[in-house]
Amino acid sequence: RFCLSKTHSLCHPLLHAVQNGVPLLALLMLPPMARRWGAATAVLMLCFSAPALAFLPMSPFLPSFRSCATGRPGRAPAVGGLGGLVMLRESYDLLVIGGGPTGLTAALAAAAGGRTCLIIDGTEKKRVQFSGPTGLFSKALRDAAKKISVRTLREMGLRDATVWKQVETLTSDIVKTCGQSNLEVVTANRIPHLRGTASILDAGTVRVTFLESTRTVDVKGKATLIATGSRSSLLPGIPYDGKRVFDSDTIRTLAFLPKSVTIVGAGIIAIEYAKIFSTLDCRVTMVVRSRSLEDALKRIGVDRDVTLGLQRDLNMNKVRIVFEAQIESVTLPSEGPAGGPKRPMSIKVVRSSTGEPLTEIRSDVLLTAAGRNANTDGLGLDALGVIRNKDGSIPVDKWLETSIEGIYAAGDVLGAPALASTGIEQANAAVKRIFDYQTDVFPGTWMASSDSKDPESILASPLSYPVGIWTNPEVSFIGRTKERALDDGWKDVGEAVAPYSGTIRGRVQGLKTGLLKFVFEKPSGRILGVHILGEDACELIHYGTALAQSGKTVHDVLGTVFAAVTFHELFRNAALDAVRQLEEDMWSPLLDKWAGSEDQTIFDVDQVLAGLKTLGMAEDLWTEIKNTLEQFGDRDTDAPGKQLARPTIIQVLKKYRIPRAPAAVRIPDVSSAATPPGASQSLDTASPEAPPSGDGKKKAPFSFPWQ
């Protein structure tokens with residue numbers, strides 16, 4: 001015990017050996033430790049261990065020990081684990097191929113249920129292991145860019161090499177911290193891992209080839225989960241070299257601070273890097289195949305107003321966008337003297353539809369961000385009979401099982417939506433299926449979640465998951481845009497907008513850019529989508545997710561107390577705007593009620609004024625409305641005398657709020673407002689999803705929004 005307490009690096013392998021009934025291995029490992037305390041102690045330990053030496057060759061753990069101690073191949077190599085090294089088991093409950101967020105989540109979920117798991121991770125040795133998703137580098141670089149003012153440092157006389165070194169240090173520290181944190185979690189859950197590439201031999205056997213080595217080991221498991229992620233798509237004709245021309249993966253190897261950057265693409269990754277390099281005081285040019293940024297982002301569900309706000313911000317930051325364009329050729333300059341300034345490359349751009357020349361761009365760096373492909377090559381899937389799509393992605397059933405029983409897949413290897421958040425959900429769903437875990441459901445508070453997490457099921461509903469775009473300012477959204485809601489069958493849809501400058505915190509911080517938008521159904525006020533552009537948008541969206549997924553209304557939002565001087569006041573302001581619109585729409589049925597008919601188009605002014613009196617309209621406001629209606633009556637040629645047409649009266653009345661009589665002030669009926677006709681009041685996935693039934697011609701009985 002004394003020796004073990006003094007030798008932390010060998011403590012856990014010894015304990016592991018003892019726990020597995022092999023004290024001989026522990027005795028063999030004691031003499032080298034004892035040399036620290038003198039020859040006498042070493043002789044004493046050797047005496048104790050000598051009787052066991054005769055039996056040592058019979059120990060099945062001897063090859064494993066040799067591999068641990070010398071690094072030479074053995075029958076059962078050691079793997080990373082708690083505090084150092086552990087020995088491979090003969091079989092595991094789950095083999096996870098991939099050490100990204102999806103793979104780590106699956107391994108931790110299995111370990112949480114008391115199952116044995118092994119992670120096989122092929123991260124290159126020069127990169128930090130378990131450092132998170134591929135997109136982590138862009139987030140780290142974004143954070144570093146926000147902390148450093150490149151222009152100020154240049155004005156102070158610092159060279160670009162010094163500035164970039166600081167950026168690299170900040171970025172590297174973030175990545176290393178994430179990797180170390182994840183490693184500590186894996187270690188705490190006693191999950192071993194092998195660092196190498198995997199080839200699946202059959203449903204229960206995976207061959208691991210260690211990195212930078214020809215050594216292999218076969219590991220067995222009852223089930224296998226493929227979570228190898230994705231890689232950047234490469235465009236034909238682009239001379240990628242990892243020095244001046246990059247894809248969205250290799251950009252992490254950029255070794256200097258460029259003065260100009262050209263980015264191909266208009267998706268999430270392209271826009272993120274455009275703002276990052278703009279913040280780093282680079283001249284940024286975006287080459288976009290689409291006619292507009294709106295067309296490019298509409299495919300993934302970004303709202304039009306959010307897109308326009310984002311584009312205005314890009315233009316304000318001097319990001320040049322060339323639409324309907326593609327690269328024809330790239331000419332790299334000859335290398336200049338070592339350490340000297342980089343000479344820009346020449347990029348010829350042509351119109352994407354016709355091929356006619358558009359412009360020639362001089363740029364230090366070229367980055368392409370034109371989609372991603374599944375990382376499934378080299379896994380032996382074709383030989384095994386696992387079906388793959390043309391883009392390399394793996395089709396799965398609703399339980400995330402591939403065409404071979406016992407082999408599952410999750411994350412980017414399945415294709416769209418290819419987000420870390422959805423990959424994590426798929427990992428949990430796969431582990432629940434593999435080990436038949438029970439899912440706790442708390443009815444009445446949330447949108448019921450389906451166990452099916454395959455891409456088809458996830459993409460079927462825009463309420464399945466929120467999306468965050470880490471630009472600066474950030475973009476996030478959940479649910480439908482107005483156009484999508486109308487296409488999906490809603491008859492009357494409204495939009496309510498709250499600018500950041502309308503909040504106390506927004507004014508304190510002097511924010512000019514930013515908005516939160518509700519897409520809501522009329523007249524119930526049910527929230528169909530939430531779209532945010534601005535600071536902390538990727539954090540704020542989760543309250544919006546709760547509202548949209550649970551079928552809440554804008555009236556529910558007004559029933560929530562928000563802490564002062566927070567961005568969450570945006571939700572209240574947007575709800576107020578929505579309620580104002582709903583009350584404007586109430587004037588038309590009020591006119592019908594006063595007239596006793598739904599088809600009347602001409603109204604008597606005195607009849608309208610009498611109706612306003614019954615509502616309890618304030619005297620000064622009533623007089624103001626009376627004077628305005630009389631003025632319109634003199635100009636309204638469609639109605640004689642003291643009569644006015646419906647549109648004229650509505651135009652006047654919608655500027656005023658409908659007064660609430662004290663007896664009518666009641667808490668809104670949330671259940672009737674939040675649930676469409678024909679839907680169950682119980683927890684039902686169709687409830688927040690399905691548009692109201694019927695053809696929309698039959699009007700509901702008139703009532704005020706608060707009744």
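Check the entry above for the structure.
Just so it is clear, the model here is predicted, and its values are computed rather than measured. (Residues numbered from 1 in each chain as written. Predicted model: local features only at pLDDT ≥ 70, side-chain atom pairs only at ≥ 80, totals over all residues. Heavy atoms only, no water.)

Visitor: If you had to explain a nonpolar patch on the surface to someone new, which residues and values would you point to?
Guide: The grouping of Ile-504, Val-508 and Val-565 at the surface amounts to a nonpolar patch, some 260 Å² of accessible area in total. Relative to the helices and strands, Val-565 is located in the loop between helix H19 (554-558) and helix H20 (569-595). (Patch = residues over 30% accessible without salt bridge, like charges linked within 9 Å, V, L, I, M, F, W, Y side chains within 5 Å. Areas by Shrake-Rupley, 256 points an atom, 1.4 Å probe, with all protein chains shown as cover. Salt bridge = Lys/Arg side-chain N within 4 Å of Asp/Glu carboxyl O. Helix = DSSP H or I, 4+ residues; strand = E, 2+ residues; numbered from the N terminus.)

Visitor: Any chance you could break down the pairing of strand S11 (residues 260-264) for me, citing the residues and the numbers?
Guide: Here S11 lies mainly inside the structure; 5 of its 5 residues are buried. The side-chain alternation of S11 yields two buried faces, one formed by Ser-260, Thr-262 and Val-264 and the other by Val-261 and Ile-263. Across 5 bridges, S11 lies against strand S12 (residues 283-287) in parallel orientation. Across the sheet, residue Val-261 finds its bridge partner in S12, namely Val-284. One ladder, built from 4 bridges, connects S11 with strand S17 (residues 365-368); its direction is parallel. Counted as the bridge partner of Val-264 is Thr-368 from S17. (Buried < 20%, exposed > 50% of the residue type's maximum accessible area, 1.4 Å probe, protein only. Pairing = 2+ DSSP bridges.)

Visitor: How would you sum up the packing of helix H6 (residues 101-112) against helix H14 (residues 420-435)? Please name residues and give values.
Guide: Where H6 contacts H14, the two axes come as close as 8 Å, and the packing angle between them is 35 degrees. H6 and H14 meet at a crossing whose hand is right-handed. Contacts between H6 and H14 involve Pro-101, Thr-102, Thr-105, Ala-106, Ala-109 and Ala-110 from the first element and Gly-423, Ile-424, Ala-427, Asn-428, Val-431 and Phe-435 from the second. Residue composition of the contact of H6 with H14, by class: 8 nonpolar, 4 polar and no charged. (Axes fitted to C-alpha atoms, helices over the stretch in contact; angles between N-to-C directions. Left-handed = near helix turned anticlockwise from the far one by under 90°. Contact = heavy atoms within 4.5 Å. Nonpolar A, V, L, I, M, F, W, Y, C, P; charged D, E, K, R; others polar.)

Visitor: Can you break down H14 residue by residue, with the values?
Guide: In this model H14 runs 23 Å from its N-terminal to its C-terminal C-alpha over 16 residues, within 8% of the 22 Å that 1.5 Å per residue would give. For H14, the set of buried residues is Thr-422, Gly-423, Gln-426, Ala-427, Ala-429, Ala-430, Val-431 and Phe-435. Against strand S3 (94-97), H6, strand S8 (224-226) and helix H15 (455-459) lie the buried residues of H14. Positioned one or two residues after H14, Asp-436 has a phi angle of 55 degrees, which is positive. (Expected span 1.5 Å × (residues − 1).)

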